[in-house]
Amino acid sequence: MITKTAIDQLTAKLGSQNVFHQPEDLLTLGYDATPQLAGSPDVVVYPTCSDEVQYALQLARDNDLPVTPRGSGTGLSGGSIPAEGGMVICLNRMKRILEIDEENLTASVEAGVVTLDLFNTVAAKGLFYPPDPGSQKISTLGGNVMEDAGGLRGLKYGVTRDYVMALRCILADGSELATGGKSVKDVAGYAFKDLLVGSEGTLGIITEITLKLIPPPQAKRTLLAYFADIRNAGDAVSQIIAAKIIPSTMEIMDRATINCVEDYSKIGLPRQIAALLLIEVDGHPALVAEEAAAIEQILARARATEVQVAKDEIAAAKLAEARRTALSALARVSPTTLLEDATVPRSMLAETFTLIDQLTQKYQLQVGTFGHAGDGNLHPTVLCDERNTDEMHRAHAFYDQLYEQVLAWGGTVSGEHGIGLAKKDYLARQIGSGGIAVMKRIKSAFDPTGMLNPGKILSTNKNRT
Amino acid sequence: MNPKEQHGNFSPEKDAPKYADLLQCMRCGFCLPTCPTFALTGRERSSPRGRVALARAVAEGTFEFTSAIREEAFFCLDCRACTSACPSGVRAGELMEICRTQAHQQQPQPKWQTACRDMILQKMLTDPKHLERAMLPARLYQKLGLQWLLRNSRILKLGPQWLDKATAMLPPLGQPLRQQLPELTPARGKKRGRVAFFLGCVMSLMYAEVSQQTVRILSHQGFDVLTPPAQKCCGAPHLSEGDRQTTRQLAIHNLELFLALDVDAIVTDCAGCGSALKDYEELLEDQQDTHKLQLFRNKIKDISEFLSETGLRTEELLPIEQAVTYHEPCHLCHAQGISRQPRELIRAIPGIELREMKEASWCCGSAATWGLKFDAASQQVLDRKLANIAATDADLLVTANPGCQLQLDWGIREAGMAQKVIHLTELLGRATP
Ligand SMILES: Cc1cc2nc3c(=O)[nH]c(=O)nc-3n(C[C@H](O)[C@H](O)[C@H](O)COP(=O)(O)OP(=O)(O)OC[C@H]3O[C@@H](n4cnc5c(N)ncnc54)[C@H](O)[C@@H]3O)c2cc1C
Ligand code: SF4
Ligand code: SF4
């Protein structure tokens, strides 16, 4: 519990518009997009600058409050849920784009800047920030860095990590750590920056990020390929890559997903087909034309029933936009949408689809699958009802068995959504007790009392009094 | 309410959100950047996602229907931008509208509020003999957002002086159109069909000349236009007030009246009315035959939707050499999904140049605006809109709903901007010989 004095102190420093403790605020800042999980903090603060973050952390430490950092709460593994109460620090009011350095091709931003806002701002200057998670219109860059978010362009352009050049963060002891810089090379000591990326708010609170920008591709072409069997789509992906073509985007949606997306976006997707691939190639115009032609041939060989080319940029953007709604659109089918983030080596895609199919039959579930096929990153989503306990059991058994095989194939339990609260057990299975022990040592080096985002990634190691 | 329905701490005697509708929200946050109240406060509880979560907690019995939750239900503009943005089909605005039913408690009203009601009564009610006279003041009072302001006057920290502004906003009132329109306006030229005209209360009283144009356009386009004098208020104000029972009574009256007419469509030029009429289907689902409800629902057409479906006869249209920009009424674009059609009609007029403004479908703050004047943060809703309008440098601002028109007309005057605000059918009327 937080004392009234502490709340008064916070209010005095941050202003009453930036400190909330009414039950209605606490309820609505206790969840993220992860189904069935929620917590309730004692107080929520919205710092507007790094000093205020430092102040809030200091006060939390003095009052023995756990601290959960939060961006926009779109996380899918429970990362920003205040599992042990305490203080939620929302970074989404620190949203200034501080600098766009056109000479060094970097952007420096506060942690709360929304991903798409940065994309648009740099695009207006003729530059390109590629990582584009489905949630880009609301997710924060701080949240992206902390989850190492991927996106539709991950295949060719990589994930958030590949663009982080420097970070500024406040550590649990209240000190500020700046790591990395604008120089493209940096081997001075341990790579803190790389450790912080993907650390899900357990090592420090990010206040400022410097990101790499690149020149945008000169040309693009978007293809849509339809399949009567989803395994053929999986094969097509492997074959395209085997042909040494790296499209910027290779996304898959199965029939259930296509139908939900079409229900919402009404862009004329065919409802009968088993699966579609959304493929985009970009780069020099000549190369784009050549690669698109080669892909069309491969698709035909891989038994695509039809291949369409988006007629212009607007049509292409609409397709990508529609794909981004896949998860939320699937949620229209049933009260609860359980989604996973299994990632396999790309060559195993077709087998993974077969497995998902078998398990769906075995456990009598309704499953919609979509994902970043080019990255081998699939989101098999169970459409269920949390009020039906039996169904929930079956859903969990489904994932258990799926992950067992994914790990056997050398895949991972999380491609991009992180471990958070939701996947701690799976993490232990993947990295073993030795791996967990090292992670715990790293965690205590940064945060000896375990006050930062306790219960995430690792089970609590409570050294707090 | 269905006894099997989980209502937790919602009062079972009144309308309450359906639990399944609340569960539908998967908390993805896609709606957040489209919500004007979230943009104002940056507070999750004033966002669609937050509001649904609050209602869900009440339905699950973990929260009382607290005064803060009631506040959020009324602070919601019911602009439904969140409905358009939500891939999961959650309708946070409507859920809040239903929550208002729960909040509907008759509290004694301060004197100045009664004074306001009286002002509208006296100023607006020119013919007390009329059937709907009991409806008019209430509807106007609510439609114009006075109700919202009254309820929120404390939250918004308004003093009674806002009333002067409200009075300044009202256009001069003529004779209500309802008394002037003939029951049948015959088609001109080659006849293409027969429609009924649903005349909104605000349109009838404040924008009589606009609805006159609507009828003239329909007739010029080849349609017989029936305007049944017995029609009543659509019930939208009562809905937004949280009085769903009265809306149901009005709905049944209008449903019977209009279904008895032999018409191809029931056309309206008020986005608010159109949206409410289309909602009858859901509102009456437990009381009326599904087939009948569907029949009625399928006949309701906004004027732009109707003209676009039937195909505008453009041969005789006169040119208008002006640049226009279009503001989308929330109850047209978000509640009815009509965005393309008004633009098509505008572009069909020879000589006209349509300049898109940024954020055309962002709420103008209609109901809220008078209050906004007194609150620096809230003024941003209107300012944001006005800035986007100004940036187009258009001659005319076209819209399609009386609430927006009042609001924008006033805002533009106050800001000393040059644009003239006109209804889409006024524009089409000018082009119609
Ligand atoms: C519909 C939908 C589609 C999605 N699509 C994708 C996708 O394509 N690819 C993908 O990778 N993810 C996707 N996600 C997941 C999610 O959007 C990302 O993980 C995103 O990066 C989270 O950003 P956020 O601002 O919402 O962070 P939050 O959810 O608020 O927080 C995420 C984590 O970061 C921590 N955190 C946040 N800000 C800070 C900070 N400043 N300092 C320290 N810690 C911080 C939190 O404690 C938490 O652990 C999707 C989510 C949804 C709902
Ligand atoms: S209302 Fe819709 S868009 Fe908003 S959080 Fe819920 S599911 Fe997502
Ligand atoms: S209806 Fe409008 S104001 Fe209300 S929650 Fe939705 S977007 Fe926000």
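All of these numbers come straight from a predicted model, not from anything done at the bench. (Residues numbered from 1 in each chain as written. Chains lettered and ligands numbered in written order. Predicted model: local features only at pLDDT ≥ 70, side-chain atom pairs only at ≥ 80, totals over all residues. Heavy atoms only, no water.)

**Q** An account of the overall build of chain A is requested, with residue identities and associated values reported.
**A** When helices and strands are tallied, chain A shows 15 helices and 16 strands. Taking 2.2 N^0.38 as the reference for a compact globule, 465 residues should give roughly 23 Å; the C-alpha atoms of chain A span a radius of gyration of 22 Å, in line with that estimate. If one aligns the C-alpha atoms of chain A with their principal axes, the spans along those axes are about 70 × 60 × 40 Å. Here the contacts in chain A between residues at least 6 apart in sequence split such that 72% fall between residues at least 24 apart. For chain A, the distance from the average position of its 44 positive side-chain charges to the average position of its 55 negative side-chain charges is 1 Å. (Helix = DSSP H or I, 4+ residues; strand = E, 2+ residues; numbered from the N terminus. Rg over C-alpha atoms; globule rule 2.2 N^0.38 Å. Contact = heavy atoms within 4.5 Å. Lys, Arg positive; Asp, Glu negative; His and termini not counted. Charge placed at Lys NZ, Arg CZ, Asp CG, Glu CD.)

**Q** Account for the state of the cysteines, naming residues and giving values.
**A** In the structure shown here, the tally under the stated rule is zero disulfides over all chains. Unpaired in this structure, A:Cys260 has its nearest cysteine sulfur neighbour in B:Cys86, at a distance of 12 Å. For A:Cys260, a relative accessible area of 4% translates into the label buried. (Disulfide = S-S within 2.5 Å. Buried < 20%, exposed > 50% of the residue type's maximum accessible area, 1.4 Å probe, protein only.)

**Q** Let's hear about the environment of B:Gly89: which residues, and what values?
**A** Relative to the helices and strands, B:Gly89 resides in the loop between helix 5 (81–85) and helix 6 (92–103). Separated by 147 residues in sequence, B:Gly89 and B:Ala236 place their C-alpha atoms 22 Å apart.

**Q** Tell me about the interface of chain A and chain B, and name the residues and values.
**A** Counting from both sides, the interface comprises 39 residues of chain A and, opposite them, 31 residues of chain B. Here chain A and chain B share an interface that buries about 2,700 Å² over both sides, 56% of which is from carbon and sulfur atoms. Looking only at chain A, the three residues that lose the most surface to chain B are A:Glu24, A:Tyr31 and A:Lys137, adding up to 21% of its buried area. Our count for the chain A to chain B interface comes out at four salt bridges. Here A:Asp25 makes a salt bridge to B:Arg45, at a shortest N to O gap of 3.6 Å. Residue assignment for the side of chain A that touches chain B shows that the elements contributing at least two residues are helix 2 (23–28) and helix 12 (326–330) of chain A. Considering every element that reaches the side of chain A that touches chain B, the biggest residue donor is helix 2 of chain A, with five residues. (Buried area = accessible area lost by both parts, 1.4 Å probe. Salt bridge = Lys/Arg side-chain N within 4 Å of Asp/Glu carboxyl O.)

**Q** Provide a residue-level description of the packing of aromatic side chains, including the pertinent values.
**A** All told, the structure shown has eleven aromatic pairs over all chains when counted by the stated rule. Relative to A:Phe446, the ring of A:Phe192 lies with its centre 6.1 Å away and its plane at 85°, an arrangement referred to as edge-to-face. Here A:Phe446 lies in helix 15 (residues 424–446) and A:Phe192 lies in helix 7 (residues 192–196), a separation of 254 residues in the sequence. The partly exposed category is assigned to A:Phe192, whose relative accessible area is 32%. Ring pairing ties together the aromatic residues A:Phe119, A:Phe128 and A:Tyr157, which thus form one cluster. Across from the ring centre of A:Tyr46, 3.8 Å away, lies the NZ or CZ of A:Arg93, which sits over that ring. Of note, B:Arg384 hangs over the ring of B:Trp362, and the distance from its end group to the ring centre comes to 3.9 Å. (Phe/Tyr/Trp six-rings, centres within 6.5 Å; stacked < 30°, edge-to-face > 60°. Lys NZ or Arg CZ within 6 Å of the ring centre and 35° of its normal.)

**Q** Outline the sheet that holds strand 7 (residues 353–354) of chain B, supporting the account with residue identities and numerical values.
**A** Residue and element names in this part refer to chain B. Taken together, the four strands give an open sheet; going across it, the order is 7-6-8-9, and neighbouring strands pair in parallel fashion. Each having just a single partner strand, strand 7 and strand 9 (420–423) make up the two edges of the open sheet. Inspection of the sheet shows strand 6 (residues 323–326) paired to strand 8 (residues 396–399) by three bridges, in the parallel sense. Bridge pairing in strand 8 links Thr325 to Leu397. Along the sheet, helix 19 (residues 340–348) contacts strand 6, strand 7 and strand 8; its crossing angle with strand 6, the most-contacted strand, is approximately 175°. The strands touched by helix 22 (residues 402–414) are strand 8 and strand 9; relative to strand 9, the strand with the most contacts, the crossing angle is about 170°. (Pairing = 2+ DSSP bridges. Axes fitted to C-alpha atoms, helices over the stretch in contact; angles between N-to-C directions.)

**Q** Tell me about the site of ligand 2, and name the residues and values.
**A** Around ligand 2, the surrounding shell consists of B:Cys25, B:Met26, B:Arg27, B:Cys28, B:Gly29, B:Phe30, B:Cys31, B:Arg49, B:Cys86, B:Ser88 and B:Val90. Counted by class, the shell around ligand 2 contains seven nonpolar, two polar and two charged residues. (Near = heavy atom within 4 Å. Nonpolar A, V, L, I, M, F, W, Y, C, P; charged D, E, K, R; others polar.)

**Q** How would you explain the site of ligand 3 if you had to name every residue and give the values?
**A** Residue and element names in this part refer to chain B. All residues adjacent to ligand 3 are Cys35, Pro36, Thr37, Pro48, Arg51, Cys76, Leu77, Asp78, Cys79, Arg80, Cys82 and Gly93. Elements supplying a minimum of two residues to the shell around ligand 3: helix 2 (36–41) and helix 3 (48–59). The residue inventory of the shell around ligand 3, partitioned by class, reads seven nonpolar, two polar and three charged.

**Q** Give me the nonpolar core: which residues, what numbers.
**A** All names here are of chain B. The biggest cluster of nonpolar side chains holds 63 residues, and the ones touching the most others in it are Leu218, Leu307, Ile346 and Leu427. Lining this core are residues from two domains, each supplying at least three of them: domain 3 (177–309) and domain 4 (317–431). Every residue in contact with Leu427, bar those within four places of it in the chain, is listed here: Ile320, Ile346, Ile349, Ile352, Leu396, Val398 and Ile422. (Core = buried A, V, L, I, M, F, W, Y, C linked by side-chain atoms within 4.5 Å. Domains from an automatic or database assignment.)

**Q** Pulling in residues and values, what's your account of the side chain of B:Asp224?
**A** Residue and element names in this part refer to chain B. As for its position among the elements, Asp224 is in strand 3 (residues 223–226). Judged by its relative accessible area of 10%, Asp224 is buried. At 2.7 Å, the side chain of Asp224 and the backbone nitrogen of Ala187 are in polar contact. Here Lys191 takes part through its side chain, which lies 2.6 Å from a polar atom of the side chain of Asp224. (Polar contact = N/O pair within 3.5 Å; in protein donor to acceptor, adjacent residues only side chain to side chain.)

**Q** Talk me through the packing of helix 14 (residues 244–259) of chain B against helix 16 (residues 290–299) of chain B; I want residue IDs and the actual numbers.
**A** Residues and elements named next belong to chain B. Where helix 14 meets helix 16, the closest approach of the two axes is 11 Å, and the angle between their N-to-C directions is 75°. The pairing of helix 14 with helix 16 is recorded here as roughly perpendicular in orientation. On helix 16, the residues touching Asn254, Leu255, Glu256, Phe258 and Leu259 of helix 14 are Lys292, Leu293, Leu295 and Phe296. Residue composition of the contact of helix 14 with helix 16, by class: six nonpolar, one polar and two charged. (Parallel < 35°, antiparallel > 145°, perpendicular 65-115°, else oblique.)

**Q** Any details on the domain arrangement of chain B? Residues and values, ideally.
**A** Buried accessible area, meaning the area lost when the parts come together, often serves as the stated size of an interface. Residue and element names in this part refer to chain B. Each domain of chain B was delimited in the assignment, giving domain 1 (3–106), domain 2 (111–169), domain 3 (177–309) and domain 4 (317–431). Of note, the centres of domain 3 and domain 4, computed from C-alpha atoms alone, are 23 Å apart. Contact with domain 3, which involves 22 residues of that partner, is made by 22 residues of domain 4. In total, domain 3 and domain 4 occlude about 1,700 Å² of area from one another, counting both sides; carbon and sulfur atoms represent 68% of this.

**Q** Go over the pairing of strand 2 (residues 193–198) of chain B with me, naming the residues and quoting the values.
**A** Residues and elements named next belong to chain B. Across the six residues that make up strand 2, a large majority, five, are buried. As judged from the four bridges shared by strand 2 and strand 3, these two strands associate in the parallel manner. Along strand 3, the bridge assignment pairs Ala196 with Leu226. Note: strand 2 against strand 4 (residues 265–268), four bridges, orientation parallel. By the bridge assignment for strand 4, Phe197 is matched with Val267.

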